[in-house]
Structure formats: C-alpha cells, structure tokens
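Results of the structural survey
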Amino acid sequence: MNQKGCPEKEVLALLENAMKKDTSYEKVLSAMCTQPHPIAVKAHMQFIASNMGDFGLFQGTKELEEKVIKMMGCMLGDDNACGYITTGGTESNIQALRTARNMDNKKHPNMIVPDSAHFSFDKIADLLGIEIRKAQLDAEFKVDEDSVAEQIDKNTIALVGIAGSTEFGQIDPIDRLAKLAISNDLFLHVDAAFGGFVIPFLDKKYDFDFSVKGVTSITADPHKMGMSTIPAGGLLFREEECLLPLEIDTPYLTIRKQHSLAGTRSGASVAGAYAVMKHLGMDGYKKIVKRCMEMTDRLVEGTRELGIEPLIEPVMNIVVLDVPDLDEVRKKLRAKGWVTSITRNPKAMRLLLMPHLGDEIIKLFISDLGDCIRSK
Ligand code: 0PR
C-alpha cells in the first residue's frame, strides 16, 4: 500500500482499466451467473453496510431474509421451509451435508451423489470427512437409481439428487431417490443451485422439490437464474430441527446463535434477492425462463441445420453439442470473442442460454459456429 492515499479520480481510473480486462457478458455462453436485475443492484447498494453475521443490528434486513426464504419455500413446494441466504451453491451444499452428518453421528459416514454432481461435493468430502460415492448415470445423464441403491450401506448418511446438473441441465429422478431415502431412513439433499429458479417456470412439470415426500433440503441460488447480485445462494430445509446441528453460540453478538457457515455475511445480497423476487414475482421469472428456453430452441434448431446434434434434448437452458474437432473449434470461436464451455464425459460443447443473451447474438453465434466448423 502507498504511504499517501491516491485521489478518488485516479482510483476510479484504475478501476476502469481493470474492468476493461474483465469479459463483459455479451458473448459469454459458459456462465451460470448473469447480469443482475437493476432492482437487485439498487437494493444491494442501499444495504451495502448490512451484516447478517450480527443481525441483531440489522433487524430490517433480517426480516427481508425471512421473506426471501418464505418466497423461495413457496416456489419450491413448502411455504413453511426454513433456511438462510448463503454465499452460493457451495456453502448451501456444505451446510446441508453438515446437517446430515451431524444428525446421524456415524463414525465413517458416506454420501451417494450422482456422477454428475458439482465439484462442491468433492470439497465437502474433504472438509467434512464424508466418503463420497458416485453413482452412475443413465443414457440421458440422469442418475441411475439402481447404482445409488447398490451403494447404500450401514454408513450411508445421505443421498444427493441434482435438479439441473451443471453440465447437462438434467434433472435426476428425485421422486425415486426420495423413495430410496425414505425406505433407508436417509437424508435427501436436492442440489437445485441452477435449476431452482428454472424448473418451477418450465412448461413441463417435474417433481423435484419439497412437494416430493422424502426431500429434506434444497439448494437454490438467487445469484444464478434468480437474477440477483453475487453472493446469494439459498439453503432450505423442510424441518426447523435441521438447523439445530448448525447452531453455534455467539455470546458476544447482538444475537445468541448463528447457523451460517460464514460469520460476517452480506445483507446487501439479501436485499438484492428480496427486491428482485418481489419485483418479478412468479410471472416475471416465468417470462425470463420462457425467453431463455426460446433462445435454447433457436440455438438447437440452428445447430441442427449445421448438422450438429445435441447430446440430449435440452431440459432447461443448457445445450450440449456434439461438435467435431471441439478444441480447435472452441479456440476459433474464442478468437471471435465467444466464451464456450465443455462437458467432461463425454467431452462436448456446453452452452448456457442465460438472460444476458438475445436472439441477435444467438443468430450471430450460430453463423460463427458454422464458419469455424467449415474453416477446418
Ligand atoms: N451446484 C450446482 C448444480 C452448480 O452448478 C454449482 C455452480 C454449484 C452447486 C456451486 O455454486 P457456487 O459456485 O455458487 O458455489 N455451477 C457453476 C460452476 O461451478 C457456477 C458458475 C457460475 C460457473 C458462473 C461459471 C460462471 O461463469 O461451474
């Protein structure tokens, strides 16, 4: 740090320069986050100093958090669900599994996750000392329930299902996992970090949330398709008692107990999530998801005309394409400004149709993709 401070104007110029190196979302087809809704940004700025780690000082923000959880509970099949706003899907998944582990008290606990699980579950295994067992996927990249059932033993503490897998946007058979969970008396966590703000608004209905008996907890992130500011994840439990294993005494704060993993945590994100959910309502999210799904259809239509097929019919706004000479084509696309992503197994091109994109940009992408493939 400099001894003497730098004038504001100069600092702002430095920031401006740094921002130029960041990629604007315009041609980003790889991100699960998007440009936050303007009302979320306004609310975020308004509550910038609010700290939910000591919410006795910030009662107003605390009430907003309760309202966000209520709105999310309604959206996810249980008005009475409880929980809190986390820093994101990773913290939500950690805390859900921490509850499962602490409720069960096994010496050598294991959890069974789909092979498609987000890498946050590998972090969980390491952090919480829970053995991770990966269940196979079927031909459509959903978890195979037989593979899950085979791996359950006396040390299993939890099953995990994914509603909107990171790579394929696929939805696991949560109802069948729930039956397995009930018959084996297991905790069932649903990772809907991405899908939580998509699936309720799709034309096709899926059983994936608290409406399915046996689902214990759900991750759903406002900072992904919820259009809220970063960092805002959501962790919801069906039963209030699930919060107890997370409880810690905080004798010198304005509150007696804390359930969050983070200590100091952003009240600004809570306000952002509240504002955008209140402003959009279910109808607003439905419109956003409809537009993303229309872009998805347009993209698949266009790539089919190029002779490129998706690996599965997209379930949500994620398209995985079987592109020949993938690495080279992606490199060429990158040179034209496009940021694409890949799936691991099989390796294919993964594209997310997020709200920051539009019809014109999709058209341009299809045309550039065609050029890159032809210019091999
Ligand atoms: N669960 C699922 C199903 C996810 O897809 C993700 C993140 C998480 C949990 C973890 O969420 P947090 O990152 O909020 O902790 N999926 C994306 C990923 O890691 C997140 C992402 C976001 C990637 C923006 C790229 C990007 O530009 O791949």
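Remember, it's a predicted structure, so these values are computed and weren't measured experimentally.

An order of β1-β7-β6-β5-β4-β2-β3 is seen for the seven strands of this open sheet, with the pairing classed as mixed. Of all strands in the sheet, those bounded by a partner on one side alone are β1 (82-86) and β3 (131-135). In this sheet, adjacent strand axes meet at a mean angle of 20 degrees when their direction is disregarded. The pairing of β1 with strand β7 (residues 233-237) spans five bridges and is antiparallel. In the strand pairing of β7, Tyr84 is matched with Leu235.

In the vicinity of the ligand, 16 residues are found, and the nearest of them are Thr90, His118, Thr166, Asp191 and Lys224. The separation between an oxygen atom of the ligand and a polar side-chain atom of Thr166 is 2.8 Å. Between an oxygen atom of the ligand and a side-chain N or O atom of His223, the distance comes to 2.9 Å. Summarising the interface, the protein chains cover 76% of the accessible area of the ligand, which totals 590 Å² for the free molecule. In terms of residue count, the dominant contributor to the shell around the ligand is helix α4 (residues 89-104) (three residues). Of the residues contributing to the shell around the ligand, the split by class is five nonpolar, eight polar and three charged.

Domain annotation of the chain identifies domain 1 (8-35 + 282-374) and domain 2 (38-279). Contacts between the two partners involve 26 residues from domain 1, matched on the other side by 31 residues from domain 2. Summed over both sides, the interface of domain 1 with domain 2 buries roughly 2500 Å², with 69% coming from carbon and sulfur. Between Arg344 and Glu167 there is a salt bridge, and its shortest N-O distance comes to 2.6 Å. Linking domain 1 with domain 2 are three residue pairs in polar contact (both at pLDDT 80 or more), by the criterion used here. Broken down by secondary-structure element, the contributors of at least two residues to the side of domain 1 that touches domain 2 are α8 (267-305), β10 (318-321) and β12 (348-352). For the side of domain 1 that touches domain 2, the element with the highest residue contribution is α8, accounting for seven residues. Considered class by class, the residues forming the side of domain 1 that touches domain 2 number 18 nonpolar, five polar and three charged.

We now examine the packing of aromatic side chains. On inspection of all chains with the given rule, the structure shows four aromatic pairs. Seen from their ring centres, Phe197 and Tyr285 are 5.5 Å apart, and the 50 degrees between their planes marks the pair as tilted. Taken together, the positions of Phe197 in the loop between β5 (187-191) and β6 (217-219) and Tyr285 in helix α8 put the pair 88 residues apart, joining distant regions of the chain. As far as the burial class goes, Phe197 and Tyr285 line up, both buried. Taken together, a centroid distance of 5.6 Å and an interplanar angle of 25 degrees make the contact between Phe201 and Tyr285 stacked. In this pair, Phe201 sits in the loop between β5 and β6 while Tyr285 sits in helix α8, placing the two residues 84 residues apart along the sequence. According to the relative accessible area criterion, Phe201 is buried, its value standing at 4%.

Conventions used here
- Residues numbered from 1 in each chain as written.
- Predicted model: local features only at pLDDT ≥ 70, side-chain atom pairs only at ≥ 80, totals over all residues.
- Heavy atoms only, no water.
- Pairing = 2+ DSSP bridges.
- Helix = DSSP H or I, 4+ residues; strand = E, 2+ residues; numbered from the N terminus.
- Axes fitted to C-alpha atoms, helices over the stretch in contact; angles between N-to-C directions.
- Near = heavy atom within 4 Å.
- Polar contact = N/O pair within 3.5 Å; in protein donor to acceptor, adjacent residues only side chain to side chain.
- Areas by Shrake-Rupley, 256 points an atom, 1.4 Å probe, with all protein chains shown as cover.
- Nonpolar A, V, L, I, M, F, W, Y, C, P; charged D, E, K, R; others polar.
- Domains from an automatic or database assignment.
- Contact = heavy atoms within 4.5 Å.
- Buried area = accessible area lost by both parts, 1.4 Å probe.
- Salt bridge = Lys/Arg side-chain N within 4 Å of Asp/Glu carboxyl O.
- Phe/Tyr/Trp six-rings, centres within 6.5 Å; stacked < 30°, edge-to-face > 60°.
- Buried < 20%, exposed > 50% of the residue type's maximum accessible area, 1.4 Å probe, protein only.

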